[in-house]
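# Structural overview
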Amino acid sequence: MSANVVADEAHCLYAFDVLAAHFHADQPEPKPPFPVDVACPLFVTWNKRMSRSMQLQLRGCIGCLKPLLLSSIRDYALTSALRDRRFPPIELRELPSLHCTVPP
């Protein structure tokens, strides 16, 4: 199913929950709080807030213009955080300073 989808806070929070669960093996896999059978272009971008400024530094971004099911946010959250070849993998200690976007 395709639809006009606007990314919202729930998509970003889910990406954070997925990444946190990756680092905490005792934490259950999060369930998406939104319909996952909707297809749209999908990007997950991680930025890190620099400690002494309000500037954000890119830490990972993976996306596709081809419509994908929103269930793909899980895989894209992990791939952009851990396997973007331009950056070292995000570490657990970085979670508090991360900012996530899932643009529409």
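Presented here is a report on the structure given in the accompanying data block. Only a predicted model underlies this, so the values are computations on that prediction, with no experimental measurement involved.

## Some thoughts on the environment of Ala10
Inspection of the secondary structure assignment puts Ala10 in helix H1 (residues 9-23). Residue classification places Ala10 among the partly exposed residues on the basis of a relative accessible area of 22%. The spacing of Ala10 and Pro32 is 22 residues in sequence and 8.3 Å in space, taken between C-alpha atoms. Ignoring any residue separated from it by four or fewer positions in sequence, one finds Ala10 in contact with Pro33 and Phe34.

## Some points on the sheet that holds strand S1 (residues 39-49)
Strands sit in the order S2-S1-S3 across an open sheet of 3 strands; the sheet is antiparallel. Edge positions in the sheet fall to strand S2 (56-69) and strand S3 (98-101), since each has one partner strand and no second. Pairs of neighbouring strands in the sheet enclose a mean axial angle of 10°, with direction left out of account. Pairing analysis gives 4 bridges linking S1 to S3, with the strands arranged antiparallel. Residue pairing across strands places Thr45 opposite Thr101, the latter belonging to S3. Where H1 meets the sheet, it contacts S1 and S3, and its direction lies at approximately 130° from that of S3.

About the thresholds
All residue numbers here refer to positions counted from 1 along the written sequence of the relevant chain. Only residues with pLDDT of at least 70 get local features here, since the model is predicted, and only at 80 or more are side-chain atom pairs given and counted; chain-wide, interface and lining totals rely on the full set of residues. Excluding hydrogens and water, the side-chain values take into account all heavy atoms of the structure. A run of H or I in DSSP becomes a helix once it reaches four residues, and a run of E becomes a strand once it reaches two; helices and strands are each numbered from the N terminus. Only protein chains enter the calculation, and the probe is 1.4 Å; a residue is then buried if its accessible area is under 20% of its type maximum, exposed if over 50%, and partly exposed in between. Contact definition: two residues touch when any of their heavy atoms are within 4.5 Å. Pairing between strands is defined by DSSP: at least two bridges between the two strands are required. Here an angle of 0 to 180 degrees is reported between the N-to-C directions of two axes, which are lines fitted to C-alpha atoms, with helices fitted over the stretch in contact.

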